[in-house]
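# Examination of the molecular architecture
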Amino acid sequence: MDTTDHTGTDTQIHARSFPGTRDQIRTLRRFIREHLPTQPDAELIASELGTNAIEHTRSGRPGGVFRARIHSRPDGTARLEIEDDGGPALFGPCTHGREGGRGLILVAAYTTAWGVTGDQAGRTTWAELPR
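These notes cover the structure that comes with them.

Rules used in this analysis
- Residues numbered from 1 in each chain as written.
- Predicted model: local features only at pLDDT ≥ 70, side-chain atom pairs only at ≥ 80, totals over all residues.
- Heavy atoms only, no water.
- Helix = DSSP H or I, 4+ residues; strand = E, 2+ residues; numbered from the N terminus.
- Buried < 20%, exposed > 50% of the residue type's maximum accessible area, 1.4 Å probe, protein only.
- Areas by Shrake-Rupley, 256 points an atom, 1.4 Å probe, with all protein chains shown as cover.
- Salt bridge = Lys/Arg side-chain N within 4 Å of Asp/Glu carboxyl O.
- Pairing = 2+ DSSP bridges.
- Expected span 1.5 Å × (residues − 1).
- Contact = heavy atoms within 4.5 Å.
- Phe/Tyr/Trp six-rings, centres within 6.5 Å; stacked < 30°, edge-to-face > 60°.

On a plain count of helices and strands, the protein chain comes out with three helices and six strands. The linear arrangement of helices and strands in the protein chain, starting from the amino end, is β-β-α-α-β-β-α-β-β. Per-residue burial for the protein chain yields a buried fraction of 42% across its 131 residues. For the protein chain, the exposed surface amounts to about 7,100 Å²; the carbon and sulfur share of it is 51%.

Written out as structure tokens, the structure reads:
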């Protein structure tokens, strides 16, 4: 379900939950494109963060979910958040020679800031997007 909230700061918040399966990354990208049409890099960032939630947390287990939140600000910047179901460890380091493992490097390159909050019970990985 897609929900929209207009806060007192004129920031629009769009939120949606997704089943924790790989086919939902395509749906996540559509959701991002719909709400951040002027942020072409947002789809790539969301794909990387959503994929990490599925591959590295309980969100990817049967019955797992991940949630996306977009905070669209009047100045054209945005904050993207992917919340997962938690797990025993954070994402591992980049492994050279592997096909994967570079997602957070891409996130860092295309954002003004990013980070992770939470713990084993659930984490939110966030990224600040420039204009």
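For the rest of this paragraph, the subject is the pattern of salt bridges. Using the criterion set out here, one finds 10 salt bridges in the structure. Between Arg-33 and Glu-43 there is a salt bridge, with the nearest N and O atoms lying 2.7 Å from each other. One end of the pair, Arg-33, is in helix α1 (residues 24-35); the other, Glu-43, is in helix α2 (residues 41-56), with 10 residues separating them in the sequence. As a salt-bridge pair, Arg-69 and Glu-83 come within 3.0 Å of each other at their nearest N and O atoms. Placement of the pair is Arg-69 in strand β3 (residues 65-72) and Glu-83 in strand β4 (residues 78-83), with a sequence separation of 14 residues. Take Arg-69: its relative accessible area is 21%, and that puts it in the partly exposed class. A relative accessible area of 23% places Glu-83 in the partly exposed class. One network of salt bridges, in which partners are shared, links Arg-67, Arg-69, Arg-73, Arg-79, Glu-81, Glu-83, Asp-85 and Glu-128.

Here we take up the pairing of β3. β3 sits mainly inside the fold: six of its eight residues count as buried. Examined bridge by bridge, strand β2 (residues 12-19) and β3 share eight bridges and lie antiparallel to one another. Note on β3: the bridge partner recorded for Arg-16 is Ala-68. Relative to β4, β3 runs antiparallel, the two sharing six bridges. Looking at β4, one finds that Ile-70 is bridged to Leu-80. In sequence, β3 turns back onto β4 through a hairpin of five residues, with Gly-76 there showing a positive phi of about 95 degrees.

Quick look at α2 now. Residues that lie three or four places apart on an α-helix share one face, since the helix turns once every 3.6 residues. Here α2 contains 16 residues, and its C-alpha end-to-end distance of 23 Å stays within 8% of the 22 Å for a straight helix at 1.5 Å per residue. All of the buried residues in α2 are Ala-42, Glu-43, Ile-45, Ala-46, Ser-47, Leu-49, Gly-50, Thr-51, Asn-52, Ala-53 and Ile-54. Buried positions along α2 lie against α1, β3, β4, α3 (103-110) and β6 (122-129).

Looking now at the packing of aromatic side chains. With the rule as written, the count across this model stands at two aromatic pairs. A ring pair is formed by Phe-18 and Phe-31, whose centres lie 6.0 Å apart and whose planes are at 70 degrees; its orientation type is edge-to-face. With Phe-18 in strand β2 and Phe-31 in helix α1, this residue pair connects regions lying 13 residues apart in the sequence. Exposure remark for Phe-31: the relative accessible area of 2% places this residue in the buried category. Judged by centre distance (5.2 Å) and plane angle (15 degrees), the rings of Phe-18 and Phe-66 are stacked. Of the two residues, Phe-18 is situated in strand β2 and Phe-66 in strand β3; the sequence distance between them amounts to 48 residues. Residue classification places Phe-18 among the buried positions, given a relative accessible area of 1%. In this structure an aromatic cluster arises from ring pairing among Phe-18, Phe-31 and Phe-66.

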